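Now for the letters of each chain:
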Amino acid sequence: MPAWEQAIKRAATKGRKGWGVREKRGRVVVEYRGGGKTESVFLPQPITYSEQYEDDICAWLRDLYKAWNNGKVTLAVAMEAVAPTSDKVGSTFGASWQEIRDSLKTRKMTEGRRIQLKSWETNYERFINHAIDQIRRHNPSDGKGLLRLAAKKWQNNQPTRAALIIALKAFTEHAVREFNAPYSWIIDEYDAASVRGQDDEEEKRQTATMTQVEALEILRAVEERFGTGWGNVIRILMATGIRPVELQHLEVRINDEGDKQLWCRYRKPGGKRRTEPRWLEELPLTDKDGNTVEWNLAEQSESMDYPLSKDGERRKLDTHYCELKIKEVEAWVELKAAKAKNGTWLRVYSFRNSWDAWAHQVIGNQAAIFRAMGNTASVNARNYVQADDATTRDAFRNARGR
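In this text the structure is predicted, and so the values were computed from the model without any measurement. (Residues numbered from 1 in each chain as written. Predicted model: local features only at pLDDT ≥ 70, side-chain atom pairs only at ≥ 80, totals over all residues. Heavy atoms only, no water.)

1. Description of the overall build of the protein chain
Here comes step 1: Helix and strand counts for the protein chain stand at 17 helices and 10 strands.
Here comes step 2: Within the span of the protein chain, comprising 402 residues, buried residues form 47% of the whole.
Here comes step 3: For the protein chain, the accessible area works out to roughly 21,300 Å², and carbon and sulfur atoms hold 47% of it. (Helix = DSSP H or I, 4+ residues; strand = E, 2+ residues; numbered from the N terminus. Buried < 20%, exposed > 50% of the residue type's maximum accessible area, 1.4 Å probe, protein only. Areas by Shrake-Rupley, 256 points an atom, 1.4 Å probe, with all protein chains shown as cover.)

Okay, here's the thing in structure tokens:
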């Protein structure tokens, strides 16, 4: 007898006197013999007596036994009670949620930006398994309901809720696109935002800085997830150090030397007076192999791919919109968790904070840095971290030439 069949037999009989399970023409028969009577029911199709459906069969046995209530009702009545809460009933749903989970695992680990088993277990599987349990217990009718049920477990842990949302978005979207589940299972950002909320501690934490290698990896992941349009948004933030809101205030002008250069029209309110519009400077970056990375954004800006609004115009972006988008990128979530362990908060504004740290490593004229960033020396010193442990190591490593 194969191991999967042994597991099913144990699930049927352990602690359940008179219960058993067997195969009949490929179907699964659950039966009870006791008190001078015999009862049996078939598990619904497409479940078959096979290794593929081991998890489903064991789950059905558990739920049927609970509904059977020590024989107070018949197996047939128990089946009627359990069937509406099942994730697989006849032809109404062609695949179980476990099958969808396993299919998503295969996709994540073999296609696109392939993840490792540990990443799957940490960032997806534990959340999806919890969601499947909620489906069995409460029978939600759509993705919104499932998310709200699943999120209760982490109602006091905002970072974990954010990770849960990413996992369940991927899970339910996979169900819809690959298994023809109803579109109502899609979890949109409107519903996700109310569940995600904001970490009460975020405002108290220091904004994280990134190394240039970390930032370039985020760029690669964003572009892989959303395409070159959103990749170019990240390029601009990385290379110029602008505030995210300034994305909607950029233009290309000819500077005093006759060259094209990015100009920012934004005048930040606050303080004694509004900040002045300014020329932006593109900071060259260095990748993990020591190669210089430059994009010449001023030349490309007017023709580059960019996220568009419904009317076909360039979308007006700000910090909030960028945050919503980048939170769906797995590499960002992983890096955010790593930074949080060090007590810092990774957010979209970290591109600006990082640019400031990078510029201080290579630009000797601090006044030039402040002018390019659109702030003063006092504001810069008060609000930006010129270096953390990682950027300090990078600075001294570069000074040593290795």
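2. Considerations on the environment of Glu 121
Here comes step 1: One can find Glu 121 in helix α5 (residues 117–138).
Here comes step 2: Classification of Glu 121 by relative accessible area gives partly exposed; the value is 32%.
Here comes step 3: For Glu 121 and Lys 105, which are 16 residues apart along the polypeptide, the C-alpha to C-alpha distance reads 9.4 Å.

3. Some words on the nonpolar core
Here comes step 1: Ranked by internal contacts, the top residues of the largest apolar core, which has 48 residues, are Ile 218, Met 238, Leu 247, Trp 295 and Phe 351.
Here comes step 2: Residues contacting Ile 218, with those up to four places away along its chain left out, are Met 210, Ile 326, Ala 331, Trp 332, Leu 335 and Phe 351.
Here comes step 3: One finds Phe 127, Ala 131, Leu 168 and Ile 187 within the second-largest nonpolar core, a separate group that totals 32 residues. (Core = buried A, V, L, I, M, F, W, Y, C linked by side-chain atoms within 4.5 Å. Contact = heavy atoms within 4.5 Å.)

4. Remarks on the sheet that holds strand β7 (residues 278–279)
Here comes step 1: Spatially, β5-β6-β7 is the arrangement adopted by the 3 strands of the open sheet, whose pairing is antiparallel. Both edges of this open sheet fall to β5 (250–254) and β7, since each of them pairs with a single strand only.
Here comes step 2: Summarising the sheet, β5 and strand β6 (residues 260–264) pair through 5 bridges and their orientation is antiparallel. Across the sheet, the residue bridging to Ile 254 is Lys 260, located in β6. (Pairing = 2+ DSSP bridges.)

5. Section: the packing of helix α9 (residues 212–226) against helix α10 (residues 228–240)
Here comes step 1: Two elements in contact, α9 and α10, have axes whose closest approach is 7 Å; the angle formed by their N-to-C orientations is 160 degrees. Classified by the angle between their axes, α9 and α10 sit roughly antiparallel to one another. In terms of crossing hand, the pair formed by α9 and α10 is right-handed. In this structure, α9 uses Ala 215, Leu 216, Leu 219, Val 222, Glu 223 and Phe 226 to contact α10, whose residues at the interface are Thr 228, Trp 230, Gly 231, Ile 234, Arg 235 and Met 238. (Axes fitted to C-alpha atoms, helices over the stretch in contact; angles between N-to-C directions. Parallel < 35°, antiparallel > 145°, perpendicular 65-115°, else oblique. Left-handed = near helix turned anticlockwise from the far one by under 90°.)

6. Considerations on the sheet that holds strand β1 (residues 19–24)
Here comes step 1: Across the sheet, 3 strands lie side by side as β1-β2-β3; this open sheet has antiparallel pairing. The sheet terminates laterally at β1 and β3 (37–42), the two strands that pair on one side only. Averaged over all adjacent pairs, the angle separating strand axes in this sheet is 25 degrees, with direction ignored.
Here comes step 2: Here strand β2 (residues 27–34) pairs with β3 via 6 bridges, running antiparallel. Counted as the bridge partner of Val 30 is Val 41 from β3.

In short, shape yes, function no, at least from these values alone.
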